[in-house]
Amino acid sequence: ARLAQRVLDEVPASGKALASPKAKRAKKQRNMDMSKYRERYIALRMLYFGERLRGFASLNGCADDETAEGLLVGALERTRLISSLRDCAFSRSGRTDKGVSAFGQVVTLRIRSRALAEEPLPPPEKELDYVGLLNRLLPDDVRVTGWADVPLEFSARYSTAYRVYRYYFVRRGIDIDVMAEGARRLIGTHDFRNFCKMDADNVSNFRRTVIKASIHRAVGGDSPWLGVEDTPAEPAACTGVPTSAAGNAESLQTRHEVWFLELVGHAFLWHQVRCIMATLFLVGRGLEPVSVLDEMLDVGTQELA
């Protein structure tokens, strides 16, 4: 809770955010002729805490459906920055599941400018205050943090160079050395069908590339990324006393340390991060050997068996 409040305190609201967009009775909105105004194509950056949300992507394009995207679309429509989701070339850089938070989600869209149709677009510093307008209508746990002009060929989905996921956990008897070794075995291009929730109707290619997979300890301080210690765990070099099959004891302080897995890749499958973490927890607790990751990635051998 303190972490969430710390991040929100650093995001300008440009006005008082409502606890929920439905908290006030909706006022009757006047019609606006959007054709009288210029549009600009922008990338919009946002963060959200997913504890109460139903994921990021809106359900059937519905506004205000308790997804982060739905709440954003509802705010865009009420401020008359877009006429509808269908008409603004909307694209998202990725999806997140129910309960998952994001600190750098990006969407691209065409948005109304303050300039009239016959006028040139103003420079960004003289444009409408998109961040302030949207944050005044968004709930406290969904924030817009910035925007920028992008070329027309840019797509939040297809132009993203890589995506970063972090899964935080309390140590509680996990052997970090073994877990880190398991994470390193995920690096590279593999068939991850054994590390996802199958979606055979929409996905036929299960090969994905993991650029980085490492375990880090989260620490306090003034780090620009939420107080993160950037040195990954290395064999025989991580802090604290590991709990292993040999039965080494761990201190109370070590037991309650917060660590996280950082995964960097071009794209991920449905529930891929969760399935990877479930396997790494088994390895870190000594319930499975680290070689189980190699076996799960060796799809060809499994099919022959």
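What comes next is a walk through the structure. The structure displayed is predicted, hence computed values, not measured ones. Residue numbers run consecutively from 1 along every chain, following the written order of its sequence. Note on the predicted model: pLDDT of at least 70 is required for a residue's local features to be given, and 80 or more for side-chain atom pairs to be given and counted; whole-chain, interface and lining totals, by contrast, use all residues. To obtain the side-chain values, all non-hydrogen atoms of the structure were included, while hydrogens and water were left out.

**Describing the sheet that holds strand 5 (residues 163–170)**
Let me state the cut-off plainly: Here, strands pair whenever DSSP counts at least two bridges between them. The helix count covers DSSP runs of H or I at least four residues long, the strand count covers runs of E at least two residues long, and both are numbered beginning at the N terminus. Every axis in this analysis is a line fitted to C-alpha atoms, fitted for helices over the stretch in contact. Angles between the N-to-C directions lie between 0 and 180 degrees. Residue contacts are defined here by distance: any two heavy atoms, one from each residue, within 4.5 Å place the two residues in contact.
Pairing in this open sheet of 4 strands is antiparallel, and the strands run 5-8-7-6 from one edge to the other. Unpaired on one side and paired on the other, strand 5 and strand 6 (188–191) mark the two borders of the sheet. Pairs of neighbouring strands in the sheet enclose a mean axial angle of 35 degrees, with direction left out of account. Strands in contact with helix 4 (residues 176–184) are strand 5, strand 7 (207–217) and strand 8 (258–265); relative to strand 7, the strand with the most contacts, it is inclined by about 160 degrees. Across the sheet, helix 6 (residues 272–284) is in contact with strand 5, strand 7 and strand 8; its angle to strand 5 comes to roughly 40 degrees.

**Quick notes on a nonpolar patch on the surface**
This is how it is decided: A patch is a set of surface residues, each over 30% in relative accessible area and not in a salt bridge, joined within 9 Å for like charges and within 5 Å for the nonpolar side chains Val, Leu, Ile, Met, Phe, Trp and Tyr. Calculation of accessible area relied on Shrake-Rupley with a 1.4 Å probe; when residues are assessed, cover is drawn exclusively from the protein chains displayed. A pairing counts as a salt bridge when a side-chain nitrogen of Lys or Arg comes within 4 Å of a carboxyl oxygen of Asp or Glu.
Residues Y162, V164 and I211 make up a contiguous nonpolar surface patch of about 280 Å² in total accessible area. Among the secondary structure elements, Y162 is positioned in the loop between strand 4 (142–149) and strand 5.

**Focus: the pattern of salt bridges**
For clarity, the cut-off: Exposure classes here rest on a 1.4 Å probe applied to the protein chains alone. A residue is buried below 20% of its type maximum, exposed above 50%, and partly exposed in between.
With the rule as written, the count across this model stands at 13 salt bridges. For R40, the salt bridge is made with E127, and the minimal N-O distance between the two is 2.7 Å. Taken together, the residues R40 in strand 1 (residues 37–48) and E127 in the loop between strand 3 (102–116) and helix 3 (130–135) connect sequence positions 87 residues apart. With respect to burial, R40 and E127 carry one shared label: buried. A salt bridge links K212 to E262; the shortest N-O distance between them is 2.6 Å. Note that K212 is positioned in strand 7 and E262 in strand 8, a separation of 50 residues in sequence. Since its relative accessible area comes to 33%, K212 is described here as partly exposed.

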